[in-house]
Amino acid sequence: MSDTATPYAAQAHARAQAGTRVEAMPTVPARAAVDLPPGVLAGDLVWDEIIAPGGYASRQIARGSRLRLTDLAGDASVSLLIFNAERPIERLNIADTLKVQWNGYLGPGRLLLSDMGRVLASLVEDEAGTHDAFCGASNQASNARKYGDGFNHGAHPNARDRFSLGVAKFGLGRKDIHPCLNLFKAVRIGQGGETVIDVGPYAPGRFVTLRAEMDLIVVLANCPHVLDPRPDYAVTPLRATAWRGAVTPQDDPIRNATPEGLRAFLNVEDYFSR
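As a starting point, this report considers the structure included with it. (Residues numbered from 1 in each chain as written. Predicted model: local features only at pLDDT ≥ 70, side-chain atom pairs only at ≥ 80, totals over all residues. Heavy atoms only, no water.)

Here we take up the sheet that holds strand S11 (residues 206–212). One open sheet accounts for six strands, arranged S1-S13-S3-S11-S6-S5; its pairing is antiparallel. Of all strands in the sheet, those with a lone pairing partner are strand S1 (45–51) and strand S5 (111–113), marking the two edges. The sheet shows a mean angle of 20° between the axes of neighbouring strands, direction not considered. Relative to strand S13 (residues 238–243), strand S3 (residues 66–71) is paired through six bridges, and the arrangement is antiparallel. Opposite threonine 70, over in S13, you have arginine 239 as the bridge partner. Along the sheet, helix H5 (residues 259–273) makes contact with S5, strand S6 (119–126) and S11, crossing S6 at roughly 125°. (Pairing = 2+ DSSP bridges. Helix = DSSP H or I, 4+ residues; strand = E, 2+ residues; numbered from the N terminus. Axes fitted to C-alpha atoms, helices over the stretch in contact; angles between N-to-C directions. Contact = heavy atoms within 4.5 Å.)

Another point: the packing of aromatic side chains. Considering all chains together, one arrives at three aromatic pairs under this definition. Relative to tyrosine 233, the ring of tyrosine 147 lies with its centre 5.2 Å away and its plane at 75°, an arrangement referred to as edge-to-face. Within this pair, whereas tyrosine 147 is found in helix H3 (residues 140–147), its partner tyrosine 233 is found in the loop between strand S12 (216–222) and S13, the two being separated by 86 residues in sequence. One exposure class covers both tyrosine 147 and tyrosine 233, and it is buried. The positively charged end of arginine 68 is found above the aromatic ring belonging to phenylalanine 207, 3.7 Å away from the centroid. A cation over an aromatic ring shows up here: arginine 206 above the ring of tyrosine 202, its NZ or CZ 4.1 Å from the ring centre. (Phe/Tyr/Trp six-rings, centres within 6.5 Å; stacked < 30°, edge-to-face > 60°. Buried < 20%, exposed > 50% of the residue type's maximum accessible area, 1.4 Å probe, protein only. Lys NZ or Arg CZ within 6 Å of the ring centre and 35° of its normal.)

Bringing the sheet that holds S12 into the picture now. Spatial ordering of the open sheet is given by S2-S12-S4-S8-S7, a layout of five strands whose pairing is antiparallel. Edge positions in the sheet fall to strand S2 (56–61) and strand S7 (131–132), since each of these pairs with one other strand and no more. Alignment of S7 against strand S8 (residues 181–183), held across two bridges, turns out to be antiparallel. Bridging from a neighbouring strand, histidine 131 pairs with leucine 183 of S8.

This model, assessed by the stated rule, comprises 15 salt bridges. A salt bridge links arginine 211 to glutamate 213, with the shortest nitrogen-to-oxygen separation between them at 2.7 Å. The exposure class of glutamate 213 is buried, given its relative accessible area of 3%. Measuring nitrogen to oxygen at the nearest pair gives 2.8 Å for the salt bridge that ties aspartate 228 to arginine 230. The burial state of aspartate 228 is the same as that of arginine 230; both residues are buried. Through salt bridges with shared partners, a single network forms among Asp75, Lys185, Asp228 and Arg230. (Salt bridge = Lys/Arg side-chain N within 4 Å of Asp/Glu carboxyl O.)

Rendered as structure tokens:
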């Protein structure tokens, strides 16, 4: 007889797991997290989680919060969706994010714009500089071609199916999965129009920090990049750490860096003044 064959045995087995920690899991409460970013107080933490290779996470964070994503071992590959938490019909628009800022490559000081002309988040720190706004998320078919299977609960889960689990926690579905931003893998467009990827691996510990300019739903999928040429399912853990912060002031240099960016911030401020 197994040690979970009866209700009492199952209860005892479950309770025996109290205090067990594995590498990939949320820190609960978040204020118990260690190795915090410089100057961040434990009491200000609202989220701390290690996301496994092939894993996902989703969380709501408030306007003004900072979200740091850290490539712990140098081979994380995170795809990112962002929604307006109050009205999720508004979400990240990658095309507008690039064309409004006249730049195909995101880095520090750049904005992540919504499909309604507002700033969802600002990229306030970027120690990686290796991102991709062109290729979108992997899917079951792309993973099956490369690894032999791409099922959500198999050995090679794909980013799009991981997104479907993350958005479901907020009452959203597959129709809400929009074109994503991929972080930590560099994709460039070559002189002949070809797509060139550099998958690394890179030095461990690189991070990006986003500042939430609205109340946000953030969804992350840590799966190999859709263009990763390696035959193995190669990806390493990601850490997500979020803490409370001040709303962007009017004299903020990122807010005032360009006329286009300022207009997007003014649209945010108008939204919250209603």
